[in-house]
Amino acid sequence: MADTALTSRLRSPLSGAADRLAAATRTSGGTLRFAELPFLTQLDVRLDAKGAAADAVGLALGLPLPLEPDTVARAGELTALWLGPDEWLLVGPPGGARELEGRIREAVGEEHVSVTDVSAQRTTVLVAGAAARDLLAHGCALDLHPRAFGPGRCAQTTLARAQVVLVAREEPGDGFWVLVRSSFAGYLADWLLDAATEYV
């Protein structure tokens, strides 16, 4: 009997745009930098922020879950994004969902927690460089001035009419993560590349 197991390699939502993103980065002379960060682990975690489970998860991950709205906590390669009063998105290196979920479930024991692997739902686009903030401001209604949306901030918003999670990275030079649904990734890449022509 023939082996029917899937043997094809994973293909990221923006694999077809990688060359264009790299070309725009080169052409900008450092003003802009684009790259897809494919296959990052993404776990949606829901629990009572005031309950014992939140503390247990924080200890297990070595990363206290951020309690202030629209903030980010980071430890090593793991990032926690506040999405709501009882919801966080954990982002880590590719392939780590099962191990991360296991650590969370073991830590909370009998406490109520919802952990959903949403890694395949979105891809992540890095937008960095001196003009990154201005470029994103063209398509986003948020106030992206560093005083309002500086490093360590995140928000669920729209960028060029696509729903995204926008993350200001730890250092100003680190730029932004734009987490976008896989089905909108190509559209958003086209918009970013078109908007970038103003800076090259």
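We now turn to the structure provided with this report.

Conventions adopted
Along each chain, residue indices are assigned from 1 in the same order as the chain's sequence is written. Given that this is a predicted model, residues contribute local features only at a pLDDT of at least 70 and side-chain atom pairs are listed and counted only at 80 or more, while totals for whole chains, interfaces and linings are drawn from all residues. The basis for every side-chain value is the complete set of heavy atoms in the structure, and neither hydrogens nor water enter the calculation. What makes a nonpolar core is a set of buried Ala, Val, Leu, Ile, Met, Phe, Trp, Tyr and Cys residues whose side-chain atoms join them at distances within 4.5 Å. Whether a residue is buried, partly exposed or exposed follows from its accessible area with a 1.4 Å probe, protein chains only, as a fraction of its type maximum: under 20%, in between, or over 50%, in that order. Helix and strand definitions here come from DSSP, where helices need a minimum of 4 consecutive H or I residues and strands a minimum of 2 consecutive E residues; each element is numbered from the N-terminal end. Throughout, a contact is declared for two residues whenever any of their heavy atoms are within 4.5 Å. By definition, two strands form a pair when at least two bridges between them are found by DSSP. Think of each axis as a best-fit line through the C-alpha atoms, taken over the contacting stretch in the case of a helix, with angles from 0 to 180 degrees between the N-to-C directions. Helix span, expected: 1.5 Å multiplied by one less than the number of residues in the helix. Of the two site types, the cavity is a set of points on a 1 Å grid over the protein atoms alone where a 1.4 Å probe fits but cannot get out, and the pocket is an open set with protein on both sides within 12 Å along at least five of seven lines, each lined by residues with an atom within 4 Å of a point. Grid points are joined across faces, edges and corners, and a volume is the space filled by probe spheres set on the points. In the scheme used here, Gly and all other residues not listed as nonpolar or charged are polar, with Ala, Val, Leu, Ile, Met, Phe, Trp, Tyr, Cys and Pro taken as nonpolar and Asp, Glu, Lys and Arg as charged. Pairs of N or O atoms within 3.5 Å make up the polar contacts considered here, provided that, within protein, one atom can donate a hydrogen while the other can accept it, and that residues adjacent in sequence are counted only when both atoms are side-chain atoms.

## Thoughts on the nonpolar core
Point 1. Core analysis: the biggest nonpolar cluster contains 33 residues, and Phe-34, Leu-135, Leu-136, Val-178 and Leu-192 have the highest contact counts within it.
Point 2. Those elements that place two or more of their residues in this core are helix 1 (18-27), strand 7 (122-128), helix 4 (132-137), strand 8 (154-159), strand 9 (162-168), strand 10 (176-181) and helix 5 (182-196).
Point 3. No other element matches helix 5, which puts 8 residues into this core.
Point 4. Not counting the four nearest positions on each side in its chain, Phe-34 is found in contact with Leu-21, Ala-24, Thr-25, Leu-126, Val-127, Leu-135, Leu-192 and Ala-196.
Point 5. Membership of the second largest hydrophobic core comes to 21 residues, among which are Leu-43, Val-45, Val-113 and Val-115.

## Here we look at the environment of Leu-179
Point 1. Inspection of the secondary structure assignment puts Leu-179 in strand 10.
Point 2. Leu-179 gets classed as buried once you look at its relative accessible area, which sits at 1%.
Point 3. As for Leu-179 and Arg-122, which are separated by 57 residues in sequence, their C-alpha atoms are 6.1 Å apart.
Point 4. When neighbours within four sequence positions are excluded, Leu-179 is seen to be in contact with Gln-42, Leu-89, Val-91, Arg-122, Thr-123, Thr-124, Gln-163, Val-164, Val-165 and Val-167.

## Here's the deal with the sheet that holds strand 2 (residues 41-46)
Point 1. The 5 strands lie next to each other as 3-4-5-2-6, forming an open sheet whose pairing is antiparallel. Both outer strands of the open sheet, strand 3 (72-75) and strand 6 (114-117), are each paired with one neighbouring strand and no more. Each adjacent strand pair in this sheet contributes to an overall mean axis angle of 20 degrees, direction not counted.
Point 2. Examined bridge by bridge, strand 3 and strand 4 (residues 78-84) share 4 bridges and lie antiparallel to one another. In the strand pairing of strand 4, Ala-75 is matched with Leu-78.
Point 3. With respect to the sheet, helix 3 (residues 97-108) is in contact with strand 2, strand 4, strand 5 (87-92) and strand 6, its orientation differing from that of strand 2 by roughly 25 degrees.

## Details of helix 5
Point 1. The first and last C-alpha atoms of helix 5 sit 21 Å apart over 15 residues, in line with the 21 Å expected at 1.5 Å per residue.
Point 2. Those residues of helix 5 lying buried are Ala-185, Leu-188, Ala-189, Trp-191, Leu-192, Leu-193, Ala-195 and Ala-196.

## Details of the layout of surface pockets
Point 1. What the largest pocket holds in volume is close to 210 Å³.
Point 2. Along the wall of the largest pocket there are 13 residues; nearest its centre are Leu-10, Phe-39, Leu-40, Ser-119 and Ala-120.
Point 3. Split into classes, the residues belonging to the lining of the largest pocket amount to 6 nonpolar, 5 polar and 2 charged.

## A word on unusual backbone geometry
Point 1. One non-glycine residue, Asp-70, adopts positive backbone phi at about 60 degrees.
Point 2. Note that Asp-70 resides in the loop between helix 2 (52-61) and strand 3.
Point 3. The exposure class assigned to Asp-70 is partly exposed, which follows from its relative accessible area of 29%.

## Side note on the sheet that holds strand 10
Point 1. Overall, antiparallel pairing links the 5 strands, which are arranged 1-7-10-9-8 in an open sheet. Only two strands of the sheet have a single partner each, and these edge strands are strand 1 (33-37) and strand 8. Across the sheet, the mean angle from the axis of one strand to that of its neighbour is 30 degrees, orientation sign disregarded.
Point 2. With 6 bridges connecting them, strand 8 and strand 9 associate as antiparallel partners. Of the residues in strand 9, the one forming a bridge with Ala-155 is Leu-166.
Point 3. Against the sheet, helix 5 touches strand 1, strand 7, strand 8, strand 9 and strand 10, its axis set at about 135 degrees to strand 10.

## What about the side chain of Gln-42?
Point 1. Note on placement: Gln-42 falls in strand 2.
Point 2. Among the residues examined, Gln-42 registers a relative accessible area of 1% and is labelled buried.
Point 3. One polar contact links Gln-42 to Arg-122, side chain to side chain, over a distance of 3.4 Å.

By themselves these figures say nothing about function.
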